[in-house]
Amino acid sequence: MREGAHPGRIAAYPAQETSHEAGQARKACSVARPRRAGRKSTTREPIIQEPEPFEPEATRRDAGATESSRANRGWWDRNADEYQTEHGTFLGDDRFVWGPEGLDEVEAELLGPPEDLKGRDVLEIGAGAAQCSRWLAAQGARPVALDLSHRQLQHALRIGGSFPLVCADAGALPFADGSFDLACSAYGALPFVADPRLVLRELRRVLRPGGRFVFSVTHPIRWAFPDEPGPEGLSVAASYFDRTPYVEQDDEGRAVYVEHHRTLGDRVRDIVAAGFRLVDLVEPEWPAWNTAEWGGWSPLRGNLIPGTAIFVCVRD
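Just so we're clear, the structure is a prediction, and the values are computed from it rather than from any experiment. (Residues numbered from 1 in each chain as written. Predicted model: local features only at pLDDT ≥ 70, side-chain atom pairs only at ≥ 80, totals over all residues. Heavy atoms only, no water.)

(A) Main features of the side chain of H219. As for its placement among the helices and strands, H219 is situated in the loop between strand 7 (207-218) and strand 8 (246-249). In this view, H219 contacts E283, P306, G307, T308 and A309; residues no more than four positions away in its chain are not counted. (Helix = DSSP H or I, 4+ residues; strand = E, 2+ residues; numbered from the N terminus. Contact = heavy atoms within 4.5 Å.)

Here you go:
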């Protein structure tokens, strides 16, 4: 890890202005996690959210790596406050949740048994306010929380923790080869980059042999359905095989948010092409306790079609 990334400070590295730049962010309606009864954070600060200066236009069009990264970095910096305020109860300060279904790493053990995490170097990409990293630290791991959004990491700094925060692009990780034992990402980075193989190759590079990378994304089948929690979200409205990015743009046609679609087969091929071995694909079922509607997720849809795909990969 580069000098300067240490607890109590955000180490910032400029995004790579290249044709293969990778960005990450999370769209509130498509990756927001549902509330669950539990401990509410007591470290929230009063937040004033600046209103959007315009109503973006939603469209489907091509969007390259640089445009995607710039748009998503700006979107998340503008929306981090609202996200943390709205979803703080569900996320808590130190939970590790894989997706809207509420699958918790305590139960899933996709990174391994909690007792085996002690002393492990773990990289979280798309960390947001670093709730997952905070849980990892509580297990005795040595996490590093990385996010493209400086504002998200300011929330991580506000909540606190004894681990480094790094503001950098997931497609240009500022770490030496073989720096980590494990890597993880809960709805961060990979759905929002134009070149996911670049991110996966970077993750393989910074992992030690035998290292595991686990990441969750919106289940690819959801792209064929409207992003609605009710019955209207159960009828196919688009081709599952249409990989044209979803783009929100301003009045001058500049992207302010971009999300990229990969089919399930695309994800598997990306993983293998980057040098990983796929050892599990988890599709969490909707639990009976979760009665919340959250964006396009709901008990109605969750009991009928998958909403999250979790890929468990190993670097041989």
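(B) Region of the structure containing the packing of aromatic side chains. Evaluated as defined, the whole model comprises 13 aromatic pairs. Note on F213 and F215: the rings are 5.2 Å apart at their centroids and 20 degrees apart in plane angle, and the pair reads as stacked. In textbook terms, an aromatic cluster arises when at least three aromatic residues are bridged by ring pairs, as seen for W75, W76, Y83, F192, Y246 and Y257. (Phe/Tyr/Trp six-rings, centres within 6.5 Å; stacked < 30°, edge-to-face > 60°.)

(C) Quick look at the nonpolar core. Counting residues in hydrophobic clusters, the biggest one holds 30 residues, and the most contacted among them are L123, I125, F175, L203, F213, F215 and F276. Of all the secondary-structure elements, those providing two or more residues to this core are strand 3 (121-125), strand 4 (142-147), strand 6 (180-186), helix 6 (196-206), strand 7 and strand 11 (308-315). In this view, F276 contacts L200, L203, R204, L207, F213, I271, C313, V314 and R315; residues no more than four positions away in its chain are not counted. With 17 residues, the next largest nonpolar core counts F96, W98, L111 and L136 among its residues. (Core = buried A, V, L, I, M, F, W, Y, C linked by side-chain atoms within 4.5 Å. Buried < 20%, exposed > 50% of the residue type's maximum accessible area, 1.4 Å probe, protein only.)

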